[in-house]
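# Reading the structure
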Amino acid sequence: MSSINKLLVANRGEIAIRVFRTCRMLGISTVAVFSEADKNAFFVKHADEAISLGGFSASESYLLQDKIIEAAKRTGADAIHPGYGFLSENESFAERCEKEEIIFVAPNAKAINAMGDKIRSKEIMVKHEVPVVPGYDGKDQSVTMLKKKAIEIGFPVLLKASAGGGGKGMRIVRDEKSLEKDIEGAKREALNAFGDDTLLIEKYFDSARHIEFQIMGDKHGNVIHLFERECSIQRRFQKIIEESPSPVMTPALRDKMSAAALKAAKAIKYDNAGTVEFIVDDKLNFYFLEVNTRLQVEHPVTELVTGLDLVKLQIEVAQGIPLSVKENELKQTGHAIECRLYAEDPSNNFLPAIGRIHSFLPDETSCTRYDSGIESGSVVDIHYDPMIAKVITWGETRSEAIRKMKHSLRKTALLGITSNKNFLIDILNHPEFEEGKFNTHFLNRHPELSAKKTLSENQLHQVSIAATLWLWSQGKSKRDLLKNIPSGWRNNFYKMQEEKFSVEGTEVIVAYRNQNEVFSFKIADKEFSASLINQSNEQITCEIVGHRKNFIIAQSGEALFIHDDEAGSVSIKILPRFPEAEAEKVKGGYAAPMPGEVVRVLVKPGDKVKSGDGLVILSSMKMENTIEAFEDGVVEEVYVEPKKFVEAETLLIKISRGKE
């Protein structure tokens, strides 16, 4: 039996911190590895020691096996935990660790190999009588053959990258018209993400739920399941809300699905944490999807309903210790929900948001669990996944867990960057979610949930007054001369002072007068009385017409970011009193909505295009996004070429719109 005294986490962000936390509890020293982009990252500070890998992207750092092994040897680490993503499901890395006599805190290489290829994994499941989805997994990967098989299976079909997951290399195809283009796009995306463009095709269900079973095995042939998780709330095939138990689960269905999950685990001699994933149709028939041979992002919900530490179990079984818990000793208690808080814009096709997080303040008034790899001052860049935090709540009932989650999300301040926080709250408030009557198409059926929300008139007035009081207090604190004269004093008392803002794109002029720090405000034709009760570095308490509220505020130059529990995160631009003429944008120009790499240019000068035609394919965070024409015209200029990196707002294409 081996012993772990020092453990290196070959990963980054919140999962690295999560593993470090359990290691500290077990008395195990920890080592972080980091890229050049992560040299000041929050997770690096949580380790006992850290090794630089160099490079910026994952391919230059976290995916380099030689550098990871060298870091383990240099620090004397006797174990490596791969987290999830990167090298976590890499058979050759598991074999390399075994060869170097480093304990790999993950499943054995043979199990990873068996489940790493979705085609082979499906064959194994069929052999062991686990129900599988109808589809094609043949060796002939020509576009012609894939088209033929898709048509035979019948639309809609799902194209999936055989070598990976996380929504990369996946396409839903509903008719033959777009089939060839989708096959080529899925292959290209799969190759970029996993180095393998092999696809499999499966029958796609328009009404299905995504339910997975947590499994845990040891090196003595013992395998248990730790119940199910519902993961049907997804965008772009990536989960954003998970919970346990599943609202649709019955005791009979749980018995059948858990038995199938254990069959799958035993078929590959599974010996660590993993997940067997199924889809369940509206008649409660279930079909095997895949086995994720790693710890899952959503593992905290299982921990909260079982009371177990899955990382602790991982570390124990990796050392050869038999499972410390038996199946008949396990039970689900209460209900847990996890929401993934992302730096992304739901109203703009969920494009990642890049930039600095000026303030991140989780809800300190609750017992909500936050698994996060960021802090105030952290930067979200294009190199890695834009997840900010996992927010997890537990309640004795599902409704209690939902209520706690909504409260904690509302109280969480995330300033300086666009996030999906309000979007998550809107999902939790939806009657179909509250009743548990949803499937994987929930968000497709409710596009209004991702639409940009506008502030109410009352919210607009409140944040504008709070911003004005903040600027007034900042000015007061910075005064060096004439400190005995009240801030904002003027010899013409009847002339009100003014601040001019752009609040989420709406221009607001705030006129105010201060008399002994009691303020009178006028916005448009409405008048308000207000006072500043308290002010600190990042929070002010205001009383506006007798309504006392707390606002968290961060400032960067002429930009203000304000958190209000009800309005959420509000961006305010301080406008100059005498603005300069704004430079005219290029007419007919199409700019990059985010930083990324140009994958393909789909048009050339002189081409006629119609509204909806693809112009340029950009890749950011390993996800492809097609820039489409929004009206008919003729391509006049193309400013970029494939493999070129572009910043946000870079001009890509210019289209002539003809006579106006």
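Read on for a plain summary of the structure. In this text, all values refer to a predicted model and were calculated from it rather than measured experimentally.

### Topic: the overall build of the protein
When you go through the protein residue by residue, the secondary structure sums to 16 helices and 39 strands. A compact globule built from 660 residues would reach a C-alpha radius of gyration of about 26 Å, and the protein, at 27 Å, matches this within 12%. Projecting the C-alpha coordinates of the protein onto the three principal axes gives extents of approximately 90 × 65 × 50 Å. Taking all 660 residues of the protein together, the buried fraction comes to 54%.

### Thoughts on the sheet that holds strand β39 (residues 651-656)
Strand order in this open sheet of 4 strands is β32-β39-β37-β34, and the pairing throughout is antiparallel. Of all the strands in the sheet, the pair left with one neighbour each is β32 (589-591) and β34 (608-609). Pairing of strand β37 (residues 633-638) with β39 involves 4 bridges; the strand directions are antiparallel. Residue pairing in the sheet places V635 in a bridge with I655 of β39.

### Section: the state of the cysteines
Overall, the coordinates contain 0 disulfides when judged by the stated rule. C97 takes part in no disulfide bond, and the closest cysteine sulfur, belonging to C23, lies 15 Å away. Judged by relative accessible area, C97 falls into the buried class, the value being 0%. Between C367, a free cysteine, and C339, which holds the nearest cysteine sulfur, the sulfur-to-sulfur gap is 15 Å.

### What about the pattern of salt bridges?
It is possible for side chains bearing opposite charge to pair when their charged atoms get close. All told, the structure shown has 45 salt bridges when counted by the stated rule. Of the charged contacts, one joins E543 and R548 as a salt bridge, the two residues approaching to 2.8 Å between their closest N and O atoms. Given the relative accessible area of 24%, E543 is considered partly exposed. When salt bridges that share partners are traced, they join E212, R229, K239, E242, E277, E298 and R340 into one network.

### So, helix α3 (residues 65-75)
When we look at burial in α3, the residues that qualify are Q65, I68, I69, A71, A72 and T75. Axial view of α3: buried residues confined to an arc of 155°, hence all on one face. Away from its buried face by more than 90 degrees, α3 exposes D66, E70, K73 and R74. Among the structural elements, β1 (6-9), β2 (29-34), β3 (49-52), β4 (79-81) and α4 (91-99) are those in contact with the buried residues of α3. Downstream of α3 by a residue or two, G76 has a phi angle that is positive, lying close to 75°.

### Here we look at helix α11 (residues 310-318)
Taken across its 9 residues, α11 has 8 buried, putting it largely inside the fold. Every buried residue of α11 is listed here: L310, V311, L313, Q314, I315, E316, V317 and A318. Its side-chain oxygen at 3.0 Å from the backbone nitrogen of V311, D309 defines the N-terminal cap of α11.

### Side note on the sheet that holds strand β36 (residues 623-628)
If you trace the 4 strands from one edge of the open sheet to the other, you get β36-β35-β33-β38, paired in antiparallel fashion. This sheet does not close on itself; its edge strands, each paired only once, are β36 and β38 (645-646). Examined bridge by bridge, strand β33 (residues 596-601) and β38 share 2 bridges and lie antiparallel to one another. Note that in β38 the partner of G596 across the bridge is V646. Relative to β36, helix α8 (residues 179-194) is tilted by about 140°, and along the sheet it contacts β33, β35 (614-620) and β36.

About the cut-offs
Residues numbered from 1 in each chain as written. Predicted model: local features only at pLDDT ≥ 70, side-chain atom pairs only at ≥ 80, totals over all residues. Heavy atoms only, no water. Helix = DSSP H or I, 4+ residues; strand = E, 2+ residues; numbered from the N terminus. Rg over C-alpha atoms; globule rule 2.2 N^0.38 Å. Buried < 20%, exposed > 50% of the residue type's maximum accessible area, 1.4 Å probe, protein only. Pairing = 2+ DSSP bridges. Disulfide = S-S within 2.5 Å. Salt bridge = Lys/Arg side-chain N within 4 Å of Asp/Glu carboxyl O. Arc of directions from axis to C-beta. Contact = heavy atoms within 4.5 Å. Polar contact = N/O pair within 3.5 Å; in protein donor to acceptor, adjacent residues only side chain to side chain. Axes fitted to C-alpha atoms, helices over the stretch in contact; angles between N-to-C directions.

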